[in-house]
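One-letter residues, chain by chain:
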Amino acid sequence: MPLAYVLNPLDRRANDRPDAQWIATQRGRADAKLIRIAGDCALLNDGRLVTENDRAEEPVVFLGLDAQDVPWFACRSEAADGMRDLRSLAMEEALPPAELGMLAQARSLLQWHERRTYCSNCAARLEMADAGYRRHCPGCGMDHFPRTDPVVIMVVRHQGNILLGRQSSWKPGMYSALAGFVEPGETIEDAARREVFEESGVRLGAVSYVTSQPWPFLSNLMIGLVGDATSADITLDAKELEDARWFTRDEARMMVDRTHPDGFYAANPYAIAHELVKVALGGESAVHTS
Ligand SMILES: [Zn+2]
């Protein structure tokens, strides 16, 4: 199973989309596509993404042009029969990977508009601009841009063992990589070291970047890392985690393959944590970045 939300073939045309006339021309094309999002869910019909470019609720945002130069847009929608949530669509491989990538883009962008109605500087009502990639304040002139929140997520190694943790809300048996938000004024490496120490008490030394994954719940960018610990004693942060432990390589391999005798498994295969465990075990990353 491929990582979800990483393949997005659209050309976002960032130089053209501020041109309202260019956007109107694209929207008016007979072959234009429009996808509908409500919260975490997309509208499907008969197992296929609904893309008819008919009546739409505002805002309508531009996603990009596909390989055939067909323009794709997205709008919010009321909840309706046929709505499927993005996690289930990924888990079941119900849509082509490229469509999952477009849905992630649409979902993160639309939720930003839903939550940024008013200017945080002067409280005036904001106006959408640049086909959805800016909100402008007519009161004070401030421009607001869509946010992406960086999250470090890391598999930690020590003497052949692998550190994984779990939260109490997760399904029984699931363990995953430790993770947390990057804070202001912090490098990715320092964020990884801080989060691992806060959650597990383990000291992290060298950190290597592996790959990244957009995570549209709401607008995170998961920055996938593998790191080497310089200490092994675990002091659990019980507010964050129910458990964190070192697994042997053999155990971790069984957790990737879902053959562990205790039912433990290493995250869902569409999530970056699963990929990071495979890389920490010495495998090549199967992620395509080009
Ligand atoms: Zn303002």
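Nothing here was measured: the structure is a model prediction, and the numbers come from that model.

A. Representation of unusual backbone geometry within the structure. The omega torsion of the bond from Glu58 to Pro59 falls at -5°, within 30 degrees of zero and hence cis. Residue placement: Pro59 occurs in the loop between strand 3 (48-49) and strand 4 (60-65). Cis geometry is adopted by the peptide bond preceding Leu218, which originates at Phe217 and carries an omega value of 20°. Here the phi dihedral of Arg13 falls at roughly 50°; this positive angle occurs in a residue that is not glycine.

B. Up close: the coordination of the zinc ion. Protein coordination at the zinc ion: the donors are Cys119 (SG), Cys122 (SG), Cys137 (SG) and Cys140 (SG), at 2.2 to 2.4 Å from the metal. Relative to the metal, the four donor atoms surrounding the zinc ion lie at angles of 97 to 117°, and the coordination shape comes out tetrahedral.

C. Structural view of the nonpolar core. Judged by nonpolar contacts, the single largest core of 54 residues is most densely connected at Tyr5 and Leu103. Per-element accounting of this core gives the leading share, eight residues, to helix 3 (residues 97-115). Those residues in contact with Leu103 that lie beyond four places of it in its chain are Ile35, Ile37, Ala42, Leu49, Leu86, Leu89 and Leu95. Of all hydrophobic cores here, the second largest spans 18 residues; its members include Leu163, Ala191, Val207 and Ile223.

D. Looking closely at the pattern of salt bridges. Taken as a whole and judged by the stated rule, the model has 21 salt bridges. Among the ionic pairs, Asp31 bridges to Arg29, the shortest N-O distance being 3.0 Å. Owing to a relative accessible area of 35%, Asp31 belongs among the partly exposed residues under this scheme. We note a salt bridge from Glu183 to Arg194, for which the minimum N-O separation is 3.8 Å. Separated by 11 residues along the polypeptide, Glu183 in the loop between strand 13 (178-181) and helix 4 (188-200) and Arg194 in helix 4 bring together distant segments of the chain. You can call Glu183 partly exposed: its relative accessible area is 42%. The exposure class assigned to Arg194 is buried, which follows from its relative accessible area of 17%. Each of Glu183, Glu186, Arg194, Glu195 and Glu198 takes part in a single network of salt bridges with overlapping partners.

E. Quick peek at the pairing of strand 1 (residues 33-38). By the criterion of burial, strand 1 is predominantly enclosed, with five of the six residues buried. Summarising the sheet, strand 1 and strand 5 (residues 71-76) pair through five bridges and their orientation is parallel. Looking at strand 5, one finds that Ile35 is bridged to Ala74. As defined by bridge partners, strand 1 adjoins strand 2 (residues 41-45) across two bridges and the pair is classed as antiparallel. Across the sheet, residue Ile37 finds its bridge partner in strand 2, namely Ala42. Between strand 1 and the antiparallel strand that follows it, strand 2, lie two residues; Gly39 among them carries a positive phi value of about 60°.

F. Region of interest: empty space enclosed by the protein. For the coordinates displayed, the defined rule picks out one cavity of 30 Å³ or more. Considered as a void within the structure, the largest cavity measures approximately 30 Å³ in volume. Residue lining of the largest cavity: Ile37, Ala38, Gly39, Arg107, Leu110, Gln111 and Glu114, and that is the complete set. Every element with two or more residues in the lining of the largest cavity is listed here: strand 1 and helix 3. Sort the elements by how many residues they give to the lining of the largest cavity and helix 3 lands first, with four residues. Here the lining of the largest cavity is composed, by residue class, of three nonpolar, two polar and two charged.

G. Region of interest: the packing of helix 5 (residues 249-257) against helix 6 (residues 272-280). Put simply, helix 5 and helix 6 touch, their axes get as near as 10 Å, and they point 140° apart. At the point where helix 5 passes helix 6, the crossing takes the left-handed sense. Facing Arg249, Ala252 and Val256 of helix 5, the residues of helix 6 in contact are His274, Val277, Lys278 and Ala280. Residues that form the contact of helix 5 with helix 6 fall into these classes: four nonpolar, one polar and two charged.

H. Quick look at the sheet that holds strand 7 (residues 127-129). Taken in spatial order, the three strands make up an open sheet running 7-8-9, and their pairing is antiparallel. At either end of the open sheet lies a strand with only one pairing partner, and these are strand 7 and strand 9 (143-144). The pairing of strand 7 with strand 8 (residues 134-136) spans three bridges and is antiparallel. Bridge pairing links Met128 to Arg135 in strand 8. Lying over the sheet, helix 3 contacts strand 7, strand 8 and strand 9, oriented at roughly 15° with respect to strand 8.

Calculation criteria
Residues numbered from 1 in each chain as written. Predicted model: local features only at pLDDT ≥ 70, side-chain atom pairs only at ≥ 80, totals over all residues. Heavy atoms only, no water. Helix = DSSP H or I, 4+ residues; strand = E, 2+ residues; numbered from the N terminus. Donors = N, O, S within 2.8 Å, 3.2 Å for Na, K, Ca; no water. Tetrahedral: all angles 85-135°; square planar, octahedral: opposite > 155°, others 65-115°. Core = buried A, V, L, I, M, F, W, Y, C linked by side-chain atoms within 4.5 Å. Buried < 20%, exposed > 50% of the residue type's maximum accessible area, 1.4 Å probe, protein only. Contact = heavy atoms within 4.5 Å. Salt bridge = Lys/Arg side-chain N within 4 Å of Asp/Glu carboxyl O. Pairing = 2+ DSSP bridges. 1 Å grid on protein atoms, 1.4 Å probe; cavity = no way out; pocket = protein on both sides within 12 Å on 5 of 7 lines; lining within 4 Å. Points joined across faces, edges and corners; volume = space filled by probe spheres on them. Nonpolar A, V, L, I, M, F, W, Y, C, P; charged D, E, K, R; others polar. Axes fitted to C-alpha atoms, helices over the stretch in contact; angles between N-to-C directions. Left-handed = near helix turned anticlockwise from the far one by under 90°.

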